[in-house]
Amino acid sequence: MFQIFTIAKQTLRAHLRSKALLTIIPVLLCLIWILTADTSGDGTLKSTFLVRLEYSINMAVLLCALITLWLSAYNLSSQEVESHQIQLMLTRPVRTSHIWIGKFLGTLCISASLLALSFCYITWHISNDYNKLKHEYIQSSDRVIAWFYENYPDGKVKDRQLGEMAMQHFRLYYSIAEPKEQLTKDDFKEVDTLGLNKANIFTNLSFALNNMQKLVALKTELLTARIHHDGKPSFRQASAEEVFNRRLSKGLAKENMRDNMLPLIRDELARSEGRIDQGDSKEWTFSGLDTDQQKNIFLKMRLFYGMDLNSLSKTGNINIFISMWEPNKKIWSDPYQWQGRGARYYHLPIRSDFISKDGTAKIKITNAERGKNMTNAVLIRKNEGPFIVMGQYSFIQSMTQTFLLYSGLLATFTAVGCSFGFLFSSSMAILLAGTYFILGSILNSFIASAAPPSLFEQIIYYFHLGISKIVAGFGDFHSGEYLARGQILSYFEAFKVLSIEVFVKITALLLITVQCIKRKEFGKVARK
C-alpha cells in the first residue's frame, strides 16, 4: 500500500509541474464562463438556463476527458519503465499492478479536481443567476400584492378574472418566496406602490404572474430533481407489418411503398413508447414506488401530435383524458382533461392514495379527439414518459450526483490511458487513447434502436452492441440527460451504474494490462 501511495504522490507532482496542464486550466475556466453566459434557447426562461447548463457541463466533461486521456497515456509509457525512471521513486521491488494503480490514482486525482472545480463554478453561476432573477421578480410581485392589500383589505375583488389571477399569482409567489410564516398585510406595508392604479393593475398583475410562472417552471422542472419511475406499457406494441396494413386500409399508404416504409416504421416503433389514435385508450403500470411518501408526487410526460414520429408536429395541440387507478375503490378515477401544446414536458400533481400498498400504480390515457382526420394521434417517445416522479432534491444535490457519475467516466478513461501507456510508446498510446475517446463519443449514435431483420445486419448490430459495452462512452452514464430533465437516481441505481460502468471495466483493464506486461520485454524490468 505504501508503494502505491508513493507512486501516486510522484505522479501527482509530475502533473502539477506540467506547463501544458497549467495552461489548460485557465482555458477550461474561460470556456465554461463563456458558455454559462449563453442566452440562447427557445425563448423561455427554462430553455435559457438549460442551454447554459448543458453546454457548460458538456464542455467541462469533454475537456476533462481529453486531459485525462492525455495525462494518463503520455506520462506513463513503456519508455518510463524501460529507462528505469520508475526505480527513482521506489526503494524496493514492486508489483506491476501497484505501479498501474499508483499512476491511476495520481492522474484521477488531477482530472477529478479539474472536474470538481468546473462543476463548482457552474453550480455557483447558475444558482447566482437564478437568485438574481428571483430577487427581481419578487420585488415586482411585492408591489402588486401590496396594492391589493391597500385597495382590497378584506380580500374580496369584485372583478372575477382579476381576483382569480391575483390568487394564482399569490400561490406561485408563496411557492417561490417560501416564507417561514404565513404572510399578512403587515409584511407589505412598507412596499412602495407608487404608479399602480386600477387602470394599469391588470397589466402589472399579468406581467408579475407571467414572471412567477416562468420562475416556478424553472425551479420545479430544472433546478429541482426527483426520482423518475418509468411506466411499463400494459398493451402489446403493434408490429411494423400491422402498422403498415392499417395505414394501407385507411388509404394512408400504397402497396408499392411497403419495402420502403417498413424500415422507417420499425425505427419509429423502436423509438416509440406508445401511439394513441383518436378515441383509443392505452394503459401503463408503475412499480417500485415509495408507499410512505405523501406529497411531491407528480405525473410527468412529453406528448407529440401527428401521424408518426417521423412526421410529428411540435405545434399541434393535444386533447387527452388522464385517469389513475384507485386501488382502494377498484375503479378508475374521474378523467382529468389535459389540453395544450405538444412537445413539452408537463407535471400533473397526483394523490398518494393512487399508489397501492405493494408500490404499484396504473394510468390510462385516452385520446379525446374525434373526426375524419386520421393523422390526429398522440405520440409518446421512448424515455419521455409517462413517469411518476417522487421526492424533492435541490440543484446542488443533482449537480453532486452528476459530478460523481461523470467522475466515474473519467476514472474509466484514466484506466484506459494508463493501460495504453504501459503497453505502448507515448505517441502510440496517445493515438490509441484518442481513438478510444472518439469511439466512446460517437459509437452509440451508430447503433440502431432495435435489431434489424436480415442476418447480416443483425451480426453487425450485435457486434456494435458488444463494442459499446466494452468501450466507456458518455451515453453510458446519462448524467447530462438526467440533469436536463430534472431526474436524480436513487442511491442503489447510482451505485449500480458506477459498479457496472466503472469498477468492472477498471478491474478488467488492470487484469488484462498485467497479463500483457508479463509477456513483454519491459515487464522484466518492472518485476526486478
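These remarks concern the structure in this document. (Residues numbered from 1 in each chain as written. Predicted model: local features only at pLDDT ≥ 70, side-chain atom pairs only at ≥ 80, totals over all residues. Heavy atoms only, no water.)

## Overview of the overall build of the protein
(1) Moving on: Assigned secondary structure in the protein consists of 15 helices and 13 strands.
(2) Moving on: Within the span of the protein, comprising 528 residues, buried residues form 48% of the whole.
(3) Moving on: For the protein, contacts bridging at least 24 residues in sequence account for 82% of all contacts bridging at least 6.
(4) Moving on: When the accessible area of the protein is evaluated, it comes to approximately 27,500 Å², of which 58% is carbon and sulfur surface. (Helix = DSSP H or I, 4+ residues; strand = E, 2+ residues; numbered from the N terminus. Buried < 20%, exposed > 50% of the residue type's maximum accessible area, 1.4 Å probe, protein only. Contact = heavy atoms within 4.5 Å. Areas by Shrake-Rupley, 256 points an atom, 1.4 Å probe, with all protein chains shown as cover.)

## Quick notes on the packing of helix H5 (residues 96-151) against helix H10 (residues 395-423)
(1) Moving on: Between H5 and H10, the shortest axis-to-axis distance is 8 Å and the interhelical angle comes to 150°. When the interaxial angle is binned, H5 and H10 end up roughly antiparallel. Here H5 runs over H10; the crossing is right-handed.
(2) Moving on: Residue classes in the contact of H5 with H10 are distributed as 20 nonpolar, nine polar and one charged. (Axes fitted to C-alpha atoms, helices over the stretch in contact; angles between N-to-C directions. Parallel < 35°, antiparallel > 145°, perpendicular 65-115°, else oblique. Left-handed = near helix turned anticlockwise from the far one by under 90°. Nonpolar A, V, L, I, M, F, W, Y, C, P; charged D, E, K, R; others polar.)

## Quick word on the sheet that holds strand E10 (residues 345-349)
Either a parallel or an antiparallel arrangement is found when strands of a sheet pair, and the pairing is made through backbone hydrogen bonds.
(1) Moving on: Spatial ordering of the open sheet is given by E1-E13-E5-E10, a layout of four strands whose pairing is antiparallel. Here the strands that pair on one side only, and so sit at the sheet edges, are strand E1 (225-230) and E10. The sheet shows a mean angle of 35° between the axes of neighbouring strands, direction not considered.
(2) Moving on: Bridge count for strand E5 (residues 297-302) against E10 is five bridges, and the pairing is antiparallel. Across the sheet, the residue bridging to Arg302 is Tyr345, located in E10. (Pairing = 2+ DSSP bridges.)

## Digging into the nonpolar core
(1) Moving on: One finds Leu53, Ile57 and Phe148 to be the most contacted residues of the largest nonpolar core, which totals 80 residues.
(2) Moving on: Ile276, Leu299, Ile322 and Met324 belong to the second largest nonpolar core, which has 25 residues in total. (Core = buried A, V, L, I, M, F, W, Y, C linked by side-chain atoms within 4.5 Å.)

## So, the packing of helix H8 (residues 240-249) against helix H9 (residues 258-271)
Any two packed helices are characterised by how steeply their axes cross, that is the angle between the axes, and by the distance between the axes.
(1) Moving on: The interhelical angle for the contact between H8 and H9, taken along N-to-C directions, is 120°, at an axis separation of 9 Å. Here H8 lies oblique to H9, going by the angle between them. Handedness of the crossing formed by H8 with H9: right-handed. Taken together, the residues of H9 that come into contact with H8 (itself represented by Ala240, Glu241, Val243, Phe244, Asn245, Arg247 and Leu248) are Arg258, Met261, Leu262, Ile265, Arg266, Glu268 and Leu269.

## Some remarks on the packing of aromatic side chains
The description of two aromatic rings rests on the distance between their centres and on the angle between their planes.
(1) Moving on: Across all of its chains, the model carries 11 aromatic pairs by this definition.
(2) Moving on: With a centroid separation of 6.2 Å and an interplanar angle of 50°, the aromatic rings of Phe170 and Tyr174 are classed as tilted. Taken together, the residues span about one helical turn, with Phe170 and Tyr174 both in helix H6 (residues 160-177) at a distance of four residues.
(3) Moving on: Judged by its relative accessible area of 27%, Tyr174 is partly exposed.
(4) Moving on: Judged by centre distance (5.3 Å) and plane angle (90°), the ring pair of Phe235 and Trp284 falls under edge-to-face. With a gap of 49 residues between them, Phe235 in the loop between strand E2 (232-233) and H8 and Trp284 in strand E4 (residues 281-286) connect regions that are remote in the sequence.
(5) Moving on: Overall, the relative accessible area of 0% leaves Trp284 in the buried class.
(6) Moving on: Among the aromatic residues, those joined into a cluster by ring pairs are Tyr149, Phe170, Tyr173, Tyr174 and Phe188.
(7) Moving on: Cation over ring: Lys282 sits above Phe235, and NZ or CZ is 4.6 Å from the ring centre.
(8) Moving on: Directly above the ring of Trp325 sits Lys362, whose terminal nitrogen or CZ lies 5.7 Å from the centroid. (Phe/Tyr/Trp six-rings, centres within 6.5 Å; stacked < 30°, edge-to-face > 60°. Lys NZ or Arg CZ within 6 Å of the ring centre and 35° of its normal.)

## A short note on H9
(1) Moving on: For H9, built from 14 residues, the straight-helix expectation of 20 Å at 1.5 Å per residue is met to within 8% by its first-to-last C-alpha distance of 20 Å.
(2) Moving on: Burial in H9 covers these residues: Arg258, Met261, Leu262, Ile265, Glu268, Leu269 and Ala270.
(3) Moving on: Close packing links the buried residues of H9 with H8 and strand E3 (272-276). (Expected span 1.5 Å × (residues − 1).)

## Comments concerning the pattern of salt bridges
Pairing between side chains of opposite charge can happen when their charged atoms approach one another.
(1) Moving on: With the rule as written, the count across this model stands at seven salt bridges.
(2) Moving on: With a closest N to O distance of 3.1 Å, Arg236 and Glu242 form a salt bridge.
(3) Moving on: Judged by its relative accessible area of 33%, Glu242 falls in the partly exposed class.
(4) Moving on: Here the salt bridges do not stand alone but share partners, grouping Glu326, Lys329, Arg351 and Asp353 into one network. (Salt bridge = Lys/Arg side-chain N within 4 Å of Asp/Glu carboxyl O.)

## Quick notes on a nonpolar patch on the surface
(1) Moving on: On the surface, a nonpolar cluster with roughly 260 Å² of combined accessible area is contributed by Phe424, Met428 and Leu431.
(2) Moving on: With respect to the helices and strands, Leu431 occurs in helix H11 (residues 426-442).
(3) Moving on: Take Leu431: its relative accessible area is 53%, and that puts it in the exposed class. (Patch = residues over 30% accessible without salt bridge, like charges linked within 9 Å, V, L, I, M, F, W, Y side chains within 5 Å.)

## Considerations on the environment of Gln213
(1) Moving on: Topologically, Gln213 is positioned in helix H7 (residues 201-221).
(2) Moving on: For the pair Gln213 and Leu45, spaced 168 residues apart in sequence, the C-alpha to C-alpha distance is 10.0 Å.
(3) Moving on: With residues up to four places along the chain from it excluded, the contact list for Gln213 reads Gln168 and Leu172.

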